[in-house]
Amino acid sequence: AQRVTQPEKLLSVFKGAPVELKCNYSYSGSPELFWYVQYSRQRLQLLLRHISRESIKGFTADLNKGETSFHLKKPFAQEEDSAMYYCALRGETTGANSKLTFGKGITLSVRP
Amino acid sequence: EAGVAQSPRYKIIEKRQSVAFWCNPISGHATLYWYQQILGQGPKLLIQFQNNGVVDDSQLPKDRFSAERLKGVDSTLKIQPAKLEDSAVYLCASSGGHGYEQYFGPGTRLTVT
């Protein structure tokens, strides 16, 4: 079975402060990890995936297989980063574990 | 390009009534997904279509939920009869194929009273 845990529901920081949104997963194989974001009144959209190893809007995330974590980080938060963030996992490319499994999400609030 | 379209955006029904949701994916996308998102939870996959065939419906409550994707384009998700616990946002997503990025629609917010 595959499971994604986002231990916090809300993170509130001031503009310019560092941000780390935590994500832990449970899966016995080699999963593919994603971060999705939903801004106010907008659709859920892909922010980044671990295989891309790129920075999107200043956000990065490194897959740590030893700690089974995929934390999302940004060194300096901006007000426009305020949104709901979901971590997601896909276990395989085909078969029973190929579906996306989402965490419960975390609300990031960046105060001016 | 136009995004994934869903209708209606909001629906309020009484328990034991029936309801249907419609989704029009991005043109050319072969894979279509229906998710259920209960308040405070992340989206949960209900059913995945590849063209007009079902790939995964392991989490679809088949005693009351049904879905179809005739002609491999639009899709309809139906609940009959609805229960209070079906209150949720129903999201449709599409992708160019399995493993490709999923694009989400705006969702339909269902309230069952």
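What counts and what doesn't
- Along each chain, residue indices are assigned from 1 in the same order as the chain's sequence is written.
- Chains and ligands are labelled by the order in which they are written, letters from A for the one and numbers from 1 for the other.
- In keeping with the predicted nature of the model, local features appear solely for residues at pLDDT of at least 70, side-chain atom pairs appear and are counted solely at 80 or more, and the whole-chain, interface and lining totals rest on all residues.
- Only heavy atoms go into the side-chain values, all of them from the structure, while hydrogens and water stay out.
- Numbering goes from the N terminus for both helices and strands, where a helix is a DSSP run of H or I of at least four residues and a strand is a run of E of at least two.
- Both definitions apply: the radius of gyration is a C-alpha atom measure, and the globule rule equals 2.2 Å times residues to the power 0.38.
- Each residue's exposure class comes from its accessible area (1.4 Å probe, protein chains only) as a fraction of the maximum for that residue type: buried when under 20%, exposed when over 50%, partly exposed otherwise.
- Contacts are assigned to residue pairs that have any heavy atoms within 4.5 Å of one another.
- Here's the idea: put two parts together, see how much 1.4 Å probe accessible area each one loses, and the total over both is what we call buried area.
- Salt bridge, as used here, is a side-chain nitrogen of Lys or Arg placed within 4 Å of a carboxyl oxygen of Asp or Glu.
- Distance and chemistry together define a polar contact, namely a pair of N or O atoms within 3.5 Å, with one atom able to donate a hydrogen and the other to accept it when in protein, and with adjacent residues in sequence counting only for side-chain atoms on both sides.
- Under the grouping applied here, Gly and all other residues not named as nonpolar or charged are polar, the nonpolar ones being Ala, Val, Leu, Ile, Met, Phe, Trp, Tyr, Cys and Pro and the charged ones Asp, Glu, Lys and Arg.
- In this description, the term disulfide denotes a pair of cysteine sulfurs within 2.5 Å.
- We call a set of buried Ala, Val, Leu, Ile, Met, Phe, Trp, Tyr and Cys residues a nonpolar core when their side-chain atoms join them within 4.5 Å.
- Paired strands, as defined in this entry, are two strands with at least two bridges between them according to DSSP.

In this section: the overall build of chain A. Across its full length, chain A holds zero helices and eleven strands. For chain A, the α and β elements follow one another from N to C terminus as β-β-β-β-β-β-β-β-β-β-β. For 112 residues, the compact-globule estimate of 2.2 N^0.38 gives 13 Å, and chain A sits close to it at 14 Å. A principal-axis box enclosing the C-alpha atoms of chain A has dimensions of 45 × 30 × 25 Å. Out of the 112 residues in chain A, the part that is buried amounts to 46%. Relative to all contacts within chain A whose residues are 6 or more apart in sequence, the contacts with residues 24 or more apart total 60%.

The subject of this paragraph is the interface of chain B and chain A. Counting residues at the interface gives 19 residues for chain B, matched by 16 residues for chain A. When chain B packs against chain A, close to 1500 Å² is buried across both sides, 49% of that on carbon and sulfur atoms. Viewed at the interface, chain A and chain B are joined by zero salt bridges. The tally of links from chain B across to chain A stands at four residue pairs in polar contact (both at pLDDT 80 or more). Looking at the side of chain B that touches chain A residue by residue, the class counts come to six nonpolar, eleven polar and two charged.

Across all of its chains, the model carries two disulfides over all chains by this definition. A disulfide bridge connects Cys-23 of chain A with Cys-87 of chain A, and the sulfur atoms are separated by 2.0 Å. Because the sign of the S-S torsion sets the handedness, a value of about -65° for the bond joining Cys-23 of chain A and Cys-87 of chain A places this disulfide among the left-handed ones. Within this pair, whereas Cys-23 of chain A is found in the loop between strand 3 (19-21) and strand 4 (24-26), its partner Cys-87 of chain A is found in strand 9 (residues 83-90), the two being separated by 64 residues in sequence. Pair check on accessibility: Cys-23 of chain A and Cys-87 of chain A agree, each one buried. The residue that forms a disulfide with Cys-23 of chain B is Cys-92 of chain B, at a sulfur-sulfur distance of 1.9 Å.

Let's shift gears to the nonpolar core. By size, the foremost hydrophobic cluster in this structure holds 26 residues, and its most contacted members are Leu-21, Trp-35, Leu-72 and Tyr-85 of chain A. The set of elements that each furnish at least two residues to this core consists of strand 2 (10-14), strand 3, strand 5 (32-38), strand 6 (45-49), strand 9 and strand 11 (106-111) of chain A. Ranked by the residues each element gives to this core, the list is headed by strand 9 of chain A, at four residues. Core analysis: the second largest hydrophobic core is formed by 21 residues, Val-4, Val-19, Leu-77 and Ile-79 of chain B among them.

A few words now on unusual backbone geometry. Negative phi values dominate among residues other than glycine, just as trans dominates among peptide bonds. A cis amide bond links Ser-7 of chain B to the next residue, Pro-8 of chain B, at an omega of -10°. Position of Pro-8 of chain B relative to the elements: it lies in the loop between strand 1 (5-7) and strand 2 (10-13). Of note, the bond from Gln-80 of chain B into Pro-81 of chain B is cis; its omega dihedral lies within 30 degrees of zero at -5°. Relative to the helices and strands, Pro-81 of chain B is located in the loop between strand 8 (75-79) and strand 9 (88-95). One non-glycine residue, Arg-41 of chain A, adopts positive backbone phi at about 65°. Residues other than glycine seldom take positive phi values, yet Lys-71 of chain B does so here, at roughly 65°.

Right, let's get into the pairing of strand 6 of chain A. Both faces of the sheet carry side chains from a regular strand, because those side chains alternate between them. Residues and elements named next belong to chain A. With four of its five residues buried, strand 6 lies for the most part within the structure. Relative to strand 6, strand 5 runs antiparallel, the two sharing four bridges. Bridging from a neighbouring strand, Tyr-36 pairs with Leu-46 of strand 6.

This paragraph deals with the pairing of strand 9 of chain B. Residues and elements named next belong to chain B. Counting buried positions over the eight residues of strand 9 gives eight, a clear majority of the element. Covered by surrounding structure in strand 9 are Ala-88, Tyr-90, Cys-92 and Ser-94 together with Val-89, Leu-91, Ala-93 and Ser-95, the residues of both alternating faces. Direction of pairing for strand 4 (residues 31-37) relative to strand 9: antiparallel, over a ladder of seven bridges. Bridge pairing in strand 9 places Trp-34 opposite Cys-92. Both strand 9 and strand 11 (residues 108-112) contribute to a ladder of three bridges, which runs antiparallel. Its bridge partner lying in strand 11, Val-89 is registered against Arg-109.

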